[in-house]
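Per-entry structural report
For reference, the chains in residue letters:
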Amino acid sequence: MGGEAQNYAVSFRLAAHLACVDTPPGVRYALKFTLHDELQQTGPDDLLMAEDKLPTRAQDFSEWYNQLVLKAQLADYAPVRGCMIVRPYGWALWENMQQALDRRFKATGHQNVAFPLLIPRSFIDKEKHHVEGFSPELAVVTIGGGEELAEPLVIRPTSETIIGHMWSKWIQSYRDLPVLMNQWNSVVRWELRTKLFLRTLEFYWQEGHTAHATREEAEAETIQMLNAYADFAITDAAIPVIPGKKSDAEKFAGADVTYSIEAMMGDGKALQAGTSHFLGQNFSQAFEVKYLDQNGQLQHCWTTSWGLSTRVVGAIIMVHGDDQGLVMPPKLAPYQVVIVPIFKTDEEKKTVFETARKLKAELAKADVRVTLDEREGQSPGWKFNDWEMRGVPLRVELGPKDVAKQSAILARRDRPGKEGKVSASLADLPTTIQKLLLEIQQSLHDKALAFRKSNTHDAKNYDELKKAVENGFAYSFWCGSAECEAKIKEETRATMRCIPLEQDGASGKCVYCTQPAKSKAIFARAY
RNA sequence: CGGGACGUAGCGCAGCCUGGUAGCGCGCACGCUUGGGGUGCGUGAGGUCGCGAGUUCAAAUCUCGCCGUCCCGACCA
């Protein structure tokens, strides 16, 4: 049975109760206070009334996240530990992300492919670092068709090996290069500690794989795709990110250099939102991916790989979400606009729906992703809250008074309460809405960037670093030594997130050992 | 893998200590009411009490074992 669901609800109950106490007074919280007062009089059972409220982020960020994913119907726990089921609303968001990314991949000459789920165990063993990195988290198939397999198969944790194997057959000449491929799939890594979207045993992603004739070209590809991810995060997901280089301790097993984009979540923790690896010749040597160059010399290819996963769904939740629930960036939102009809009598219902359906068609025609909430039995107020929780960027409230005036109320999700509401005429609603959506997109990004800035500190010494990573990023000089990095991690639980590619060129003293340091790095506690 | 919590209706819980006909709320279905910020009332459907042994006339309840989930840590491109 759903034991997984029980515990969060236990704490949620408490959380809901505490939320009643902690929430500052205001119009929209009046109900909560009323409930709380009743609770005091009538006993704990009436807490049930508050059960569909979220905990606040300040009170329990982790619980807020867990609840929200389930309540907004983005995903649910699968019957297998650590696995998730992505529900239609969550998958619709992922599909929009896929499209936004796929566009960029195609524009830079990549083609989509599909490699198999099962990989011979021996393939993993061929690249030394890769084995070390992945062995503990492999799922292995040993029986097929009721028979013990001669060679165990692993469920792909990533596809470098099998792709390398095939490339060795396909690539012979410099004329065959570059090879620019990408695949959308899922991979399995046996993680010990899981959280919906952020770390699950199986997760959905894309993995790009490319092979090049020269180191320079492969390095340029690595950076190009890192930039594509950054552009996607900033312009489509409205998430400001820091592109940078990983330390040896944090890089991908098998890569020469790993780059990532790092984002700050609403609790000040860091999340690696995409990675791009320069693999050097590690895999081409292990799998003998070779080509004959213009001079008739046999050369090993230079390869790259890069990936971005459904983890970014988690980032969108944790960056933009507020105490009312999700806030979807308009460019990726499954629904950009929801129309909530308001009526009393059957006659009103008829005219309101007529106008609402017409409006929906017009918006759809203007390429706005719109839904009309035709559910029976729920009051408009209930629907307002429901769609706010689900993060729809813009709500259109349409009632008899509006139809009479040929106008509608627009409510912005990013500006809660009455301030976010304006009246707009029906005639030019599509234009007004398109403009508003762009505004919301921009304001989400700006707000997230302002938040990151205010929680990032140029920590000049170790004490300042310790303080900074309590609830944000420390941006500090680092000498580059693994020892300093390890000590910092051990003593503060903060890891070296990345060395930002953009540096101001100054040099200083390592935040830990005070030895000369040439570049600054981001340190933070991370998901 | 260590520490903690838990598993009873779709969901959240009570019942267990002290064994004796399985309960409450939400949700769901139906009806009325209400509807511009989480309406109110009534009626109704819904459960192998995680699984397996044991003790007992009798087990949701006591004993043992197993399985599973969540949280904290360790671990984690």
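Above this text is the structure in question.
Residues numbered from 1 in each chain as written. Chains lettered and ligands numbered in written order. Predicted model: local features only at pLDDT ≥ 70, side-chain atom pairs only at ≥ 80, totals over all residues. Heavy atoms only, no water.

Describing helix α11 (residues 346-365)
Think of an α-helix as turning once every 3.6 residues; residues three or four places apart then point the same way. The terminal C-alpha atoms of α11 lie 28 Å apart, and with 20 residues this matches the ideal 28 Å at 1.5 Å per residue to within 8%. The complete set of buried residues in α11 reads Val-352, Phe-353, Thr-355, Ala-356, Leu-359 and Leu-363. Tucked into the core, α11 has its buried residues touching β15 (337-341), β16 (370-372), β17 (394-398), α13 (400-405) and α14 (429-454). Count one or two residues on from α11 and you reach Asp-367, which has phi positive near 65 degrees. (Helix = DSSP H or I, 4+ residues; strand = E, 2+ residues; numbered from the N terminus. Expected span 1.5 Å × (residues − 1). Buried < 20%, exposed > 50% of the residue type's maximum accessible area, 1.4 Å probe, protein only. Contact = heavy atoms within 4.5 Å.)

Observations regarding the pairing of strand β11 (residues 270-280)
Most of β11 sits out of view: 10 of its 11 residues are buried. The pairing of strand β10 (residues 257-264) with β11 spans 8 bridges and is classified as antiparallel. When the bridges of β11 are listed, Val-257 appears paired with Phe-278. Between β10 and β11, which pair antiparallel in sequence order, lie 5 residues; one of them, Gly-268, sits at a positive phi of approximately 85 degrees. Bridge count between β11 and strand β14 (residues 302-309): 5 bridges; the pairing is antiparallel. Following the sheet pairing, His-277 is matched in β14 by Ser-305. (Pairing = 2+ DSSP bridges.)

Examining the sheet that holds β11
Strand order in the open sheet formed by 11 strands is β3-β7-β8-β14-β11-β10-β9-β22-β25-β21-β20, and the pairing between neighbours is mixed. On the outer flanks of this sheet lie β3 (111-112) and β20 (456-457), each paired with one strand and no other. Across 5 bridges, the pairing between strand β21 (residues 473-478) and strand β25 (residues 519-524) is antiparallel. Counterpart to Ala-474 in the pairing with β25 is Phe-523. Across the sheet, helix α4 (residues 88-107) is in contact with β3, β7 (179-188), β8 (202-212) and β14; its angle to β7 comes to roughly 160 degrees. In the packing of helix α8 (residues 215-236) onto the sheet, the strands contacted are β7, β8, β9 (242-245), β10, β11 and β14, and the crossing angle to β14 comes to about 10 degrees. (Axes fitted to C-alpha atoms, helices over the stretch in contact; angles between N-to-C directions.)

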